[in-house]
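Okay, here's what each chain looks like letter by letter:
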Amino acid sequence: MVRVRGTASGVPTKKGGSGRKPASGKAAKAGGAERRPLPLPLRLLAMVCAFAAMVAFAVVLAKLTLDPSPASVSIAHTNLHPGATLRIYLDQPAFRDAVKQVGGNILLGVPFGILVPVLAPRARGVLRVLLLTAIVMLLVELAQGALVTGRAFDVDDVILNTTGALVGWVLLGRRLGRAVHARKHKA
């Protein structure tokens, strides 16, 4: 059999190509082509920036959630029933207040979804990011309810914060985590 350049079967193809489309997705990874992480200096820079952003976020989170609020002592109440506070927000006559409460709680979770995959390579998957976010936000809510005047534990806040982490992970965290940390393949 005479081998024609660009093919394994001997059948000529256009301009020396293989006649097949390049593999993509899982097939490409299985065939040896894999995503490579950023070069080490850029990975280190990304991790340092992510750490600084997480510290800044922690300060903002503490300021927003752990500052006493004497003005809201009369309206603060513990909520252990998922959806109860959301209904109260949505039943308010001022739609702006509902958007502020719901949107603000979702936005508080977004940095977790973006930064956790960069800072913790073992927590890059969506379930681990969501679990870690839920645990941290649960602790924040417990601290609010137990220690801060005018604040109370609200399970809906935990749900909204965790939803925000999902949004951050989908928009940016997943890609950043892959770019910074190489996935280890089993041989």
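Worth saying up front: this structure is predicted, and the values here are computed from it rather than measured.

A. Up close: the overall build of the protein chain. When helices and strands are counted, the protein chain shows 6 helices and 0 strands. Going residue by residue from the N terminus, the α and β elements of the protein chain occur as α-α-α-α-α-α. When the 187 residues of the protein chain are sorted by exposure, 29% land in the buried category. At a minimum sequence separation of 6, the contacts of the protein chain that also span at least 24 residues come to 74%. For the protein chain, the accessible surface area stands at approximately 12,700 Å², while carbon and sulfur atoms represent 67% of it.

B. Expanded view of helix 5 (residues 126-147). In this model helix 5 runs 31 Å from its N-terminal to its C-terminal C-alpha over 22 residues, within 8% of the 32 Å that 1.5 Å per residue would give. Of the residues making up helix 5, those classed as buried are Val129, Leu130, Thr133, Met137, Val140, Glu141 and Gln144. Here the buried residues of helix 5 occupy an arc of 100° about the axis, which is enough to place them on one side. In helix 5, the exposed residues that point more than 90 degrees away from the buried face are Leu127, Arg128, Leu131, Leu139, Ala146 and Leu147. Where helix 5 is buried, its residues touch helix 2 (40-66), helix 4 (95-119) and helix 6 (155-180).

C. Geometry of the UniProt feature "transmembrane region" (unreviewed entry) in the protein chain. Within this numbering scheme, the UniProt entry marks residues 44-62, 102-120, 127-146 and 158-177 as carrying the feature "transmembrane region" (unreviewed entry). End-to-end, the C-alpha atoms of residues 44-62 are 27 Å apart, and along that stretch the chain is 100% helix and 0% strand. Between the C-alpha atoms that bound residues 158-177 the distance is 24 Å, and the span itself is 100% helix and 0% strand.

D. Representation of the packing of aromatic side chains in the model. Counted according to the given criterion, the structure contains 1 aromatic pair. Positioned over the ring face of Trp169 is Arg174, at 5.3 Å from the centre of the ring.

E. Broad picture of a nonpolar patch on the surface. Side chains of Leu131, Ile135, Leu138, Leu139 and Leu142 sit close together on the surface and give an oily, nonpolar patch of about 470 Å² of accessible area. By secondary structure assignment, the location of Leu142 is in helix 5.

F. Representation of the environment of Leu131 in the model. The topology assignment puts Leu131 in helix 5. Under the relative-accessibility criterion, Leu131 is labelled exposed at 54%. Placed 31 residues apart in sequence, Leu131 and Thr162 show a C-alpha to C-alpha distance of 8.2 Å.

G. Representation of the nonpolar core in the model. Counting residues in hydrophobic clusters, the biggest one holds 18 residues, and the most contacted among them are Met54, Phe57, Leu61, Phe112, Val116 and Met137. When residues of this core are traced back to their parent elements, those giving at least two are helix 2, helix 4, helix 5 and helix 6. If you tally residues by element for this core, the top one is helix 4, at 5 residues. In contact with Leu61, not counting residues within four places along its chain, are Leu66, Leu108, Met137 and Val140.

Calculation notes
Residues numbered from 1 in each chain as written. Predicted model: local features only at pLDDT ≥ 70, side-chain atom pairs only at ≥ 80, totals over all residues. Heavy atoms only, no water. Helix = DSSP H or I, 4+ residues; strand = E, 2+ residues; numbered from the N terminus. Buried < 20%, exposed > 50% of the residue type's maximum accessible area, 1.4 Å probe, protein only. Contact = heavy atoms within 4.5 Å. Areas by Shrake-Rupley, 256 points an atom, 1.4 Å probe, with all protein chains shown as cover. Expected span 1.5 Å × (residues − 1). Arc of directions from axis to C-beta. UniProt positions renumbered as here; feature names shortened; annotations may be inferred. Phe/Tyr/Trp six-rings, centres within 6.5 Å; stacked < 30°, edge-to-face > 60°. Lys NZ or Arg CZ within 6 Å of the ring centre and 35° of its normal. Patch = residues over 30% accessible without salt bridge, like charges linked within 9 Å, V, L, I, M, F, W, Y side chains within 5 Å. Salt bridge = Lys/Arg side-chain N within 4 Å of Asp/Glu carboxyl O. Core = buried A, V, L, I, M, F, W, Y, C linked by side-chain atoms within 4.5 Å.

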